[in-house]
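# Topology and contacts: notes
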Amino acid sequence: MVSLRGLTGLGFALAGLLVVTGAGAAPPPVAGERAALAALKHAVAAGRLSPADAKTDRAEVGRAVHLVRTLPQARRVHVEVALEQIGALGDRLTNPRALAVFGQLRANDDWFAQRAAPKNGTDITDADGIVYRYFPGRCFEFHPLANVSALNARVAAKDVAGTQRLAAALEARAVSRGSGGIVWEYYFPFGGRPPWVSGMAQAVGAQAFARAASLLTDDSADLLHEATASFRSVPGLTMNLAAGPWIRLYSFSTNPVLNAQLQSVVSLQTYAQATGDSTASSLATRMEQAAAATVSRFDTGYWTYYSLAGNPSPLSYQKFVVQLLHKLAPSDSRFAQAADRFATYLRQPPAFKLATAPAGSLRFWISKPASVSAWTPAGRSVRLSLDDGWHTIHWGEPKHPGFYAVHLTATDYAGNHATFEALPIVKVPGTAHRAKVARRVSGAAPAAAAVPFAVGAGIDDAGQATLAGPLGMQLVRLTVPWQSGQTAPDPALVSSLASLPASIGVVVDLNAGQLPVDAAGRAALAQYAASVARQAPSLRDLVLAPAPTVTTVGAYADAFAAVRAAVVAARAGVAVGPSFDGSTPQPQPTAQALARELARDGTSADLVSFQPAATPGVGVWAVGDIQKLESTLAKGLGTAPSVLLRAGSGSTDYAAAVGSAFCVPNVSAVLLDRLVDGTTPEQTTGLYDANGNPKPAAADVKQAIRAVARGAVVCPGQATRVMPTTLTFPDRLSLSSAATIVLGCDRDCLYLVALDRADGQPVVARRGSLDGGDPARTITLPERSLSAGGYRLDVRLVSRVGPGTVTRRRSALLSVG
C-alpha cells in the first residue's frame, strides 16, 4: 500500500497553473468536466452540499482538467475516468458521495501527475487512511471492502490514532438507507450500474466498527451505532437459496460466491458477539448452515469454483477460502472436510486424460486451470491459458513422412507442474495413407485385470464372502475374537474359515479385547494366531486389534511381536500388521511409541490397518494424514509398511472411497465397513441388505472397482505407463495383404500401430483405443502394397488417464519379397 501524503503539495503547485492568461478562445471541455460541474451545482442548489465544499471540489475538477490536457495519453486517461465517474452521479451527488468521489479524483490527480499506471490491485491511502484500489483501464477506485478491511487491520494492530481517523472518514462517506441502515458504495461499473454495494463489505463493516468500539472506548457508543447501521443493510443484501440465505457479493448479482458467504458468516458472528444482536446471530447461523450444505457444489474435485457460475477461483481466493473454512471447521465437519480437500488442491499438480484426435492434433482433458505449453517438431510450439475440461490443439499434418514426438507441460495457478508424452504425430507417404483411426468395437466380457491394490469389505460370517466376487472385490475382512488363554479356534470357526472361497483373499482382524500382560498370555495368543493362519487357506493378511492407545502401546507391541513371529513360522506369505485408529487421542505420540516398541522387540510390520478419523481436525489423523502415519512408523522401523485403509461408514461414501484410496501411494487395499447389513440400525451401511439383495450403492462400488481395474481413475501427481497384456506380432508379411497384430493393455490406453521400413520411416499406420483388462483384440493396418525389403511392426502405447511416457514395442525385422 502506497501513501499519498507526500503528494499533496503537488496540488497547490498545479493550482497556480490553472489560470491561463492571454486572448484566444477557451479550449473545449474535457470528457466529464461539464457533467461533474453540473452535479456540484445541483447538489448545492438542493442543499446536499455546502458552497464551501463545492468550491474545493470545483478546484479539484479544474486541476483534473489541466492534467487531462497536459499529461501523456497513458496517464491522463485514468484522470478522465475518475472525472467521468463524478459526472455519472448527476443529481444523485450528496455530501457522503462527494467525499468519496472527489477524494478518489484527488488521489488519481496526485498519482498520475507524477507516475504511470501501477500493477493491477495496487492500493494507496490518503491522509485519513482511506484506501483506493487500482483497476487496469480505469483508475484508483474508492473500495469499500478494502476500507473496512483496513479498519479491521488498524484495530488488530491496536493503532488508536489510525483507527480514529479511518473510522471517522468512513462514517462521513456512509450513505444512508431506510430503517437506519448505511452503506458504502462503489462508484465504478463492474457488471452492474454504479453506485452499487456489496453485502460482504457491509458485513465486514459491521464487524470492523464493532471491534473498533472495543479499542476506542470513549467513542464506543458512536462506533457501535455505525456497526449496527451497517448490519441493518445486510439482510436486504441476501438472497434465498434452497439451503438458506446467501450474501450478495454484488447488489446487482444473484450469483452465489463462496468466499463472500464464508467471510460474511465470520464477520456477522463477530459483530453479533460484540453487540449482542440476536437478529445478526440468527442470520449468521442460517448463513453458516447454508454454506455448509452448499460448499461441495464449489468443489471440482481438483480445484474450486469462485462462484456457482462455474468460474475457477484465482489462487488468492482459493487460499482465502481455505483459511475461512479452517475458521469455521469447529462448528461443522463439512467445513473441516472441505478445508482439507481444498488445501490438498493447492499442492496437487494438474492431471490429464487423453482421447483419440484427428491427424495432426492432440485431444486432452486437464483437471484444473493451468498454463499449458505443447510442442512438437510437426509445428509451432503452443502456449495457452486453459480452464479445466477437454481441449484440442491442432498442428496439421506434417509435410514430410516420419514420426513427430508430442510433449505437453502444464503449470497450475499454485505453480504445481506436470508433463506427459503423447503418441507422436505420424505422416506416411501419400495423403491417402495417413494414420487412420480405428473404429471402437465392442469386445467380449472384460477379463479380470491385475490391479495395483485390492478392494474388500467387512463380513459377519464366511457365507457372505460369496457376495464380494460379483462386485469385483478381491478381499473380505472377518473379525475373529480371542478370549484370554485360548490357544486354538473352536471347530465352528475352523469350519467357517475353511469354507471361505479360494478366489477371495481374507483379512482377519484378530481381536484381543484384553491384551495379555505376561509371557504365558502372549504365548497363548501367538499359538491361537498361528492356528488360524494354518486353517484359513484364503488368509492374506492378519491384523492385531483393537488399535493401541498411548497408554496400551507397550503391551500391544509385545503381543504383536509374539503374534507375528508365530504366524510367519506357521504360514509363509501371510502379512501381519498392527491396527491404528486415527481418532485415538494423541495419534502422533501413539504412532511414535508403537514404532519404538516394535523396534525394541526386534520385529517389523508387513502392513498397518488404518482407521482414519471421520473428520479432519486438530489432534486426530484423517485420510489426508496417511503420510504422517507412514513417515512416523518408517522412522522407527526403517521402512514404511503398506496401508490397509478402512473406509468410513455410510454406503454413499463407498464408491468415492474406492477411487480416492486408489490414488494414495502405498495403500495396498481399501476395506469398506460392511458388505451385508446386520440386524441392528447401526449395521445398515452394507452394500447388500440383510437378505443378500444388492442395494443401489452396490452398482456404484462395482463401477468404481472396474474403473480402478482399468486405470480410469484420475490421480493427480501420478503419471502411469501402459504395459501390453498381450502383444502378438505376425511371423511374416506379404507384398499385398494387410498386416495384423493382437494387442491388449493393462489399463485404458491409446495405441499407434505402424509398419516401418528398416530405416524407421512409416509406411502405414492406425490409431485407436483399448480398455484396460479387456480381452486382446486384433488390429489390422490399412492395406498397402509393399516393396521388397525389411519391415518392422512398431507399437506405441500411452495411458488414457494419467499419461506419462510412451511405451514402445517393435517386432523383429520381417522380410518381404
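Fair warning: this is a prediction, and the values are worked out from it, not measured in the lab. (Residues numbered from 1 in each chain as written. Predicted model: local features only at pLDDT ≥ 70, side-chain atom pairs only at ≥ 80, totals over all residues. Heavy atoms only, no water.)

### Observations concerning the overall build of the chain
To keep it simple, the criterion reads: The secondary structure listing takes helices from DSSP runs of H or I that are at least 4 residues long and strands from runs of E that are at least 2 residues long, numbered from the N terminus. Only C-alpha atoms enter the radius of gyration, while the globule expectation follows 2.2 Å times N to the 0.38, with N the number of residues. Per-residue accessibility, obtained with a 1.4 Å probe over protein chains only, is compared with the maximum for each type, and a residue is labelled buried under 20%, exposed over 50%, and partly exposed between these values. Any pair of residues with heavy atoms lying within 4.5 Å of one another is described as a contacting pair. Every accessible area reported is derived by Shrake-Rupley at a probe size of 1.4 Å, with residue values counting cover from the shown protein chains alone.
Per the secondary structure count, the chain includes 20 helices and 32 strands. For a compact globule of 817 residues, the expected C-alpha radius of gyration is about 28 Å, and the chain comes in at 35 Å, more than 25% above that figure. C-alpha extents for the chain along the principal axes are approximately 110 × 80 × 50 Å. The buried share among the 817 residues of the chain stands at 52%. Long-range pairs, those at least 24 residues apart, make up 68% of the contacts in the chain between residues at least 6 apart in sequence. Summed over its atoms, the accessible surface of the chain is roughly 34,200 Å², and 52% of this surface lies on carbon and sulfur atoms.

### What about the packing of aromatic side chains?
Cut-off, in case you're wondering: Any two rings among Phe, Tyr and Trp, with Trp reduced to its six-membered ring, count as a pair given centres within 6.5 Å; such a pair is stacked if its planes are under 30 degrees apart, edge-to-face if over 60, and tilted if neither.
Evaluation of the coordinates by the stated rule reveals 27 aromatic pairs. Ring centres of Tyr186 and Trp196 lie 4.1 Å apart, and the angle between their planes is 5 degrees; on these two criteria the pair is classed as stacked. One end of the pair, Tyr186, is in the loop between strand E6 (182–183) and helix H8 (199–215); the other, Trp196, is in the loop between E6 and H8, and ten residues separate them in sequence. As far as the burial class goes, Tyr186 and Trp196 line up, both buried.

### Some words on the pattern of salt bridges
Rule in force here: A pair is scored as a salt bridge if a Lys or Arg side-chain nitrogen falls within 4 Å of a carboxyl oxygen belonging to Asp or Glu.
One pass over the structure, following the stated rule, counts 30 salt bridges. Put simply, Asp299 and Arg341 hold a salt bridge, and the shortest N to O gap is 2.7 Å. One end of the pair, Asp299, is in the loop between helix H11 (278–294) and helix H12 (315–328); the other, Arg341, is in helix H13 (residues 333–345), and 42 residues separate them in sequence. Taking the shortest distance from any N to any O, the salt bridge between Arg600 and Asp558 comes out at 3.3 Å. Of the two residues, Arg600 sits in helix H17 (residues 587–600) while Asp558 sits in helix H16 (residues 553–570), which places them 42 residues apart along the sequence. The network of salt bridges with shared partners includes Glu60, Arg63, Arg106 and Asp110.

### Examining the sheet that holds strand E22 (residues 607–611)
Let me state the cut-off plainly: Pairing between strands is defined by DSSP: at least two bridges between them are needed. To get an axis, fit a line to the C-alpha atoms, keeping to the stretch in contact for a helix; angles then go from 0 to 180 degrees between the N-to-C directions.
Around the barrel, which closes on itself, the eight strands sit in the order E17-E18-E19-E20-E21-E22-E23-E24 with parallel pairing between neighbours. Averaged over all pairs of adjacent strands, the angle between their axes in this sheet comes to 30 degrees, without regard to strand direction. The sheet contact formed by strand E20 (residues 539–545) and strand E21 (residues 575–581) spans four bridges and is parallel. Considered in E21, the bridge of Val543 is made with Gly577.

### Here's the deal with the environment of Gly802
With respect to the helices and strands, the residue Gly802 is situated in the loop between strand E30 (789–799) and strand E31 (807–810). Between the C-alpha atoms of Gly802 and Trp365, which are 437 residues apart in sequence, the distance is 10 Å. Setting aside its immediate chain neighbours within four residues, Gly802 contacts Phe352, Gln718, Ala719 and Thr720.

### Details of the state of the cysteines
Counted only if it meets this: Only a pair of cysteine sulfur atoms within 2.5 Å qualifies as a disulfide here.
Tallying each qualifying case throughout the model produces two disulfides. Paired by a disulfide, Cys663 and Cys715 hold their sulfur atoms 2.1 Å apart. Here Cys663 and Cys715 share a disulfide; its torsion about the S-S bond, -75 degrees, makes the bridge left-handed. With Cys663 in the loop between helix H19 (654–662) and strand E24 (667–672) and Cys715 in the loop between helix H20 (696–710) and strand E25 (724–728), the pair connects residues that are 52 residues apart, well separated along the chain. Cys715 carries the same exposure label as Cys663, and that label is buried. For Cys745, the disulfide goes to Cys749, at an S-S distance of 2.1 Å. Negative torsions about the S-S bond denote left-handed disulfides, and the value of about 70 degrees found for Cys745 with Cys749 makes this one right-handed. Since its relative accessible area comes to 1%, Cys745 is described here as buried. By sequence order of its bonded cysteines, the chain has the disulfide arrangement 1-2, 3-4.

### Things to note about the pairing of strand E28 (residues 762–770)
Along any regular strand the residues' side chains alternate between the sheet's two faces. Counting buried positions along E28 gives nine out of nine residues, so the element sits mostly inside the fold. Bridge analysis of strand E27 (residues 749–757) against E28 gives eight bridges, and the strand direction is antiparallel. Looking across to E28, one finds that Leu752 is bridged to Arg767. Where E27 folds back on E28, the antiparallel hairpin that results is connected by four residues, among which Gly760 adopts a positive phi of roughly 95 degrees.

### What to know about the side chain of Thr409
Note on placement: Thr409 falls in strand E14 (residues 402–412). Ignoring anything within four residues of it in the chain, the contact list for Thr409 reads Ser371, Val372, Ser373, Trp375, His417, Ala418 and Thr419.

### Overview of the environment of Ile705
Note that Ile705 resides in helix H20. Once residues within four sequence positions are removed from consideration, Ile705 is found in contact with Val455, Leu471, Gly472, Met473 and Val658.

### Description of the packing of helix H10 (residues 258–275) against H11
Heads up, the condition is: When describing relative orientation, an angle under 35 degrees is termed roughly parallel and one over 145 degrees roughly antiparallel, while 65 to 115 degrees is termed roughly perpendicular and anything else oblique. Definitions for this section: a left-handed crossing has its near helix turned counterclockwise from the far helix by less than a right angle. A right-handed crossing has that turn clockwise.
Closest axis-to-axis distance for the H10/H11 pair is 9 Å, and the angle between their directions is 155 degrees. As judged from the angle between their axes, H10 and H11 are roughly antiparallel. Two packed elements cross with a definite hand, and for H10 against H11 that hand is left-handed. Note on element contacts: H11 touches H10 through Ala280, Ser281, Leu283, Ala284, Met287, Glu288, Ala290 and Ala291, opposite Gln261, Leu262, Ser264, Val265, Leu268, Gln269, Tyr271 and Ala272.

### Side note on the sheet that holds strand E13 (residues 389–394)
What links the strands of a sheet is backbone hydrogen bonding, and the strands pair in either a parallel or an antiparallel sense. Judged by pairing direction, the sheet is antiparallel, and its three strands sit side by side in the order E9-E10-E13 without closing on themselves. What marks the edges here is a single partner per strand, and that holds for strand E9 (352–355) and E13. Across the sheet, the axes of successive neighbouring strands diverge by a mean angle of 30 degrees, strand direction being ignored. By the bridge criterion, four bridges tie E9 to strand E10 (residues 361–366) in an arrangement that is antiparallel. Considered in E10, the bridge of Phe352 is made with Ile366.

### A few points about the nonpolar core
What counts is decided by this rule: Buried residues of nine kinds, namely Ala, Val, Leu, Ile, Met, Phe, Trp, Tyr and Cys, make up a nonpolar core once their side-chain atoms join them within 4.5 Å.
Formed by 111 residues in total, the largest nonpolar core has its most connected members in Leu93, Phe102, Leu170, Leu262, Leu325 and Phe342. A per-element tally of this core places H8 first, with ten residues. In this structure, Leu325 is in contact with Leu262, Val295, Phe335, Ala338, Ala339 and Phe342, ignoring residues within four places of it in sequence. Listed in part, the 80 residues of the second largest apolar core include Phe453, Val574, Ala661 and Tyr688.

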